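Coordinates in review
Below, each chain spelled out in residue letters.
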2 protein chains.
Amino acid sequence: MQKKRKECPEVATCSVDYAFRRIGGKYKGRILWYLHEHSILRYGELGRTLPDITTKMLTQTLRELEIDNLINRKVYHEVPPKVEYSLTEVGEELIPFITHLKEWGDKQLEREQMKN
Amino acid sequence: MQKKRKECPEVATCSVDYAFRRIGGKYKGRILWYLHEHSILRYGELGRTLPDITTKMLTQTLRELEIDNLINRKVYHEVPPKVEYSLTEVGEELIPFITHLKEWGDKQLEREQMKN
DNA sequence: AACAATACATACTTTTTAGTAGGTATATTA
DNA sequence: TAATATACCTACTAAAAAGTATGTATTGTT
C-alpha cells in the first residue's frame, strides 16, 4: 500500500520548505556567501570564484536569486559590458544562517580529516 | 567560448558546499526540523508529519541522513515493527541554523502575504 | 579588417532526483 | 484462517536540474 500524496501546493506553507526552495540550488549557497565576502562581484569574477560552474548555470542561478530578491543586478551600459552583483537586504538576512552552516561544515570537514 | 569546468572533486573543499550537499534534499530540512521539535518520531509518524512524502522518499531520505550521521535509527524487534528516529549530536548542531532559516522563511511568507 | 573583452542566450543531451505501483515480513487479534 | 499493523523494498517511469556546445552583441585596439 502506497502513501497518498497530498499535492503539497506550490505555495509552501512550511517556512522551512519555503526557505530551502530559494537557496537549495547547487551553487546558490556559495554565490550568496561570496557576495557577502566581497560585497560586490562582477559576473566574470563570480565565475572565477566558482571554478566548477558553467556560464549557463551562473547566469541561470543569478537570475533565480534576482527574482527571489536575494541579489541586486546593476548593469553598466559600457562596452565591453559590466554587470555588478550584490546582496539585497533580504539576502543579507540569510548571512547569519549561512555563516552558521559554514562553521558546521568546517567542523565536519575537520572531523573527517582526523579519521584519515 | 565556454567556461572550463575544473572537475570540482567529490571531496568538497568548500564547507558551504559540503553542508548544502547533506541537507539540500527536498525533505531533509523538514525532517530534521520535525525531529528537533518532537525529539523522537517513528517512521509512520514522520510520514504523517510530511503529508506530501512517499514511503520511498521517506525511507531513502532517512537512510541518507543516517549515513551522514545526522540522525539515529533505533529498531525495536517487535511485531508489528517499530523504528524510532532522532537527531544525533551532529544533527543537533544544525538546529540553530534551521531555526534561523525558518525565521527568515516565516518573515518572507508574511511579507508575501502583505502584498495581497 | 580582424581580434579582444565581457556578459550573456539557446538548443540539446545527460544526470540526478523524485514519483508510481506493486510486493514482503510476522506476531497478534478477530 | 484471514485481516491488521508497521516498516520497509524494488523495478520502472517521469520530471527536474545540470552540463555541452555553440552563438550573439558592441566598441576600442592592433
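An unreviewed UniProt entry annotates chain A as Transcriptional regulator originating from Flagellimonas aequoris.

1. With respect to the interface of chain B and chain A
Counting residues at the interface gives 47 residues for chain B, matched by 47 residues for chain A. Buried surface at the junction of chain B and chain A, summed over both partners, amounts to about 4,500 Å²; 66% is from carbon and sulfur atoms. Summed over the three residues of chain B that lose the most area to chain A, namely Y18, F20 and W104 of chain B, the buried surface amounts to 16% of that side. On inspection of chain B and its partner chain A, the count reaches eight salt bridges. Taking the shortest distance from any N to any O, the salt bridge between R111 of chain B and E93 of chain A comes out at 3.2 Å. Elements represented by at least two residues in the side of chain B that touches chain A include exactly helix 1 (15-23), helix 2 (28-38), helix 3 (43-49) and helix 6 (95-115) of chain B. Among the elements that line the side of chain B that touches chain A, the one with the most residues is helix 6 of chain B, at 14 residues.

2. A word on the protein's contact with DNA strand C
As a matter of local geometry, DNA strand C sits amid 21 residues, with T59, R63, R73 and Y85 of chain A together with K56 of chain B nearest to it. Expressed as a percentage, the sugar and phosphate content of the atoms of DNA strand C within 4 Å of the protein is 65%. Contact between DNA strand C and G44 of chain A: a phosphate oxygen at 2.9 Å from a main-chain N or O atom of the residue. Counting residues per element, the surface near DNA strand C draws most heavily on helix 4 (residues 55-67) of chain A, at four residues. Its residues assigned to classes, the surface near DNA strand C comprises nine nonpolar, four polar and eight charged.

The rules behind these values
Residues numbered from 1 in each chain as written. Chains lettered and ligands numbered in written order. Predicted model: local features only at pLDDT ≥ 70, side-chain atom pairs only at ≥ 80, totals over all residues. Heavy atoms only, no water. Contact = heavy atoms within 4.5 Å. Buried area = accessible area lost by both parts, 1.4 Å probe. Salt bridge = Lys/Arg side-chain N within 4 Å of Asp/Glu carboxyl O. Helix = DSSP H or I, 4+ residues; strand = E, 2+ residues; numbered from the N terminus. Near = heavy atom within 4 Å. Polar contact = N/O pair within 3.5 Å; in protein donor to acceptor, adjacent residues only side chain to side chain. Nonpolar A, V, L, I, M, F, W, Y, C, P; charged D, E, K, R; others polar.

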